[in-house]
Amino acid sequence: MKELEKKIAVVTGGGSGIGKGIAVRLAEEGAIVIAVGRRKEPLEDLCSEIKANGDCAFYYCADVSKSVEVKELAGFIQNKFNRLDILVNCAGITVKEFVLDLDEDNWDSVIDINLKSVFLCCKYLGRIIIDNAAENSYGKVITISSVGSFLGIPTSSAYCASKGGVTQLTKVIAIEWAENHVNVNSIVPGYIETNLSKGVLKNQEARDKVYSRIPFKKMGNVKDTAEAALFLVSQKSNYITGTTLSVDGGLLATAYT
Ligand code: NAD
């Protein structure tokens, strides 16, 4: 039997990058994946890819920074599946501007999409996860934070603030839900090859600068983060909650010399 056979898993930001990698990997292990994102096309493509592998996936279009849309998502999950085993909070954006130049609207968007969405998804999908965990002693929540949660990255004030919030919020939810048999942990990616990082590292000079700081001297890929996610939703991590798992090629472990 596969590790996640028939488990119901919601992956926000599932249409691309790290979220897509996690969605595909969980489906490979038998989970029924519901990929959530704003745009239909990438989600449809993801579901086709998963189904072509003989695995199972659905998609749901929602802006997870909007309370009303997350409530509707929770209603959809309740009505269609009547349970939820796994929630992966992966939706995220970044805006690169110095504090003095950053529009308030951009600040709000980054905080809402990266941080408030985690609060909303846990608030409105949490009851379904907790009720299911009461019956099955299994419930797993992952947040996707960032090394920017721990490091100050110039031009990324809103991003770093939002991810610092995600890391702290993860700990609080982990403690609050520990008695409900729900594990809540955070993955801390370093630099992973996706559209988001391509947007940030636009030229070779920027890449070389980043590589020089990473002990492994290369970026990670979405498979690296997907394997970490698989571990955190598997039974192998049952005694792990409220912690962060860095997938960063050693970036956070090193001092700048
Ligand atoms: P990505 O742009 O490929 O993925 C982000 C996904 O979130 C997209 O599919 C996008 O459509 C979705 N999304 C954005 N706003 C949304 C909203 N309001 N509602 C629903 N979906 C929304 O980039 P990625 O690199 O795969 O990023 C995924 C997560 O990983 C983000 O939270 C990001 O901050 C984090 N992260 C990425 C890196 C990296 O190097 N790539 C490093 C650290 C953390």
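None of these values were measured; they are calculated from a predicted model.

A. Summary view of the packing of helix H1 (residues 17-28) against helix H2 (residues 40-52). The interhelical angle for the contact between H1 and H2, taken along N-to-C directions, is 30 degrees, at an axis separation of 10 Å. Accordingly, the angle class assigned to the pair H1 and H2 is roughly parallel. Helix-helix and strand crossings are classified by hand; for H1 and H2 the assignment is right-handed. When H1 is examined against H2, the residues Lys-20, Ala-23, Val-24 and Ala-27 are found in contact with a partner set consisting of Leu-46, Glu-49 and Ile-50. Taken together, the residues of the contact of H1 with H2 break down into five nonpolar, no polar and two charged.

B. Structural view of the pairing of strand E6 (residues 183-189). Buried residues dominate E6, accounting for seven of its seven residues. In this sheet, E6 lies alongside strand E5 (residues 140-144) in parallel orientation, the contact comprising five bridges. Counterpart to Val-141 in the pairing with E6 is Val-184. In the classification by handedness, the crossover that spans E5, the intervening helix H5 (residues 157-177) and the parallel E6 is right-handed. Of the strand pairs in this sheet, E6 and strand E7 (residues 244-247) are connected by four bridges, and their pairing is parallel. Across the sheet, the residue bridging to Pro-189 is Val-247, located in E7.

C. Geometry of the pattern of salt bridges. What the rule picks out here adds up to 12 salt bridges. The salt bridge involving Glu-3 is made with Lys-236; its shortest N-O contact spans 3.9 Å. Placement of the pair is Glu-3 in the segment before strand E1 (8-12) and Lys-236 in the loop between helix H8 (222-233) and E7, with a sequence separation of 233 residues. Residue Glu-3 is classed as partly exposed on the basis of its relative accessible area of 31%. For Lys-236, a relative accessible area of 63% puts it in the exposed group. One salt-bridge network, in which partners are shared between bridges, spans Arg-25, Glu-28, Glu-29 and Glu-227.

D. Main features of the site of the ligand. Close contacts around the ligand come from 26 residues, with Ser-16, Ile-18, Asp-63, Tyr-159 and Thr-194 the closest. Between Ser-16 and the ligand, the recorded distance is 2.8 Å, taken from a side-chain N or O atom to an oxygen atom. At 3.3 Å from an oxygen atom of the ligand is found a main-chain nitrogen or oxygen belonging to Gly-190. Here the ligand, which alone exposes 820 Å², has 91% of that area covered by the protein. A breakdown of the residues in the shell around the ligand according to their chemical character gives 13 nonpolar, 10 polar and three charged.

E. Quick look at the packing of aromatic side chains. Applying the stated criterion to the full structure yields three aromatic pairs. A ring pair is formed by Phe-58 and Phe-81, whose centres lie 5.5 Å apart and whose planes are at 75 degrees; its orientation type is edge-to-face. Separated by 23 residues along the polypeptide, Phe-58 in strand E3 (residues 56-61) and Phe-81 in helix H3 (residues 67-81) bring together distant segments of the chain. For Phe-58, a relative accessible area of 28% gives the class partly exposed. Residue Phe-81 is classed as buried on the basis of its relative accessible area, which comes to 16%. Ring centres of Tyr-60 and Phe-76 lie 4.8 Å apart, and the angle between their planes is 40 degrees; on these two criteria the pair is classed as tilted. With Tyr-60 in strand E3 and Phe-76 in helix H3, this residue pair connects regions lying 16 residues apart in the sequence. Judged by relative accessible area, Phe-76 falls into the partly exposed class, the value being 23%.

F. Looking closely at empty space enclosed by the protein. Per the stated rule, a full pass over the model turns up one cavity of 30 Å³ or more. In this structure, the largest cavity spans a volume of roughly 30 Å³. Taken together, Thr-12, Val-64, Asn-89, Cys-90, Ala-91, Ser-117 and Val-118 make up the lining of the largest cavity. Here the lining of the largest cavity is built from residues that sort into four nonpolar, three polar and no charged.

Conventions and cut-offs
- Residues numbered from 1 in each chain as written.
- Predicted model: local features only at pLDDT ≥ 70, side-chain atom pairs only at ≥ 80, totals over all residues.
- Heavy atoms only, no water.
- Axes fitted to C-alpha atoms, helices over the stretch in contact; angles between N-to-C directions.
- Helix = DSSP H or I, 4+ residues; strand = E, 2+ residues; numbered from the N terminus.
- Parallel < 35°, antiparallel > 145°, perpendicular 65-115°, else oblique.
- Left-handed = near helix turned anticlockwise from the far one by under 90°.
- Contact = heavy atoms within 4.5 Å.
- Nonpolar A, V, L, I, M, F, W, Y, C, P; charged D, E, K, R; others polar.
- Buried < 20%, exposed > 50% of the residue type's maximum accessible area, 1.4 Å probe, protein only.
- Pairing = 2+ DSSP bridges.
- Right-handed = clockwise from strand over helix to strand, strands pointing away.
- Salt bridge = Lys/Arg side-chain N within 4 Å of Asp/Glu carboxyl O.
- Near = heavy atom within 4 Å.
- Polar contact = N/O pair within 3.5 Å; in protein donor to acceptor, adjacent residues only side chain to side chain.
- Areas by Shrake-Rupley, 256 points an atom, 1.4 Å probe, with all protein chains shown as cover.
- Phe/Tyr/Trp six-rings, centres within 6.5 Å; stacked < 30°, edge-to-face > 60°.
- 1 Å grid on protein atoms, 1.4 Å probe; cavity = no way out; pocket = protein on both sides within 12 Å on 5 of 7 lines; lining within 4 Å.
- Points joined across faces, edges and corners; volume = space filled by probe spheres on them.

So yeah, pure geometry; function would need other evidence.
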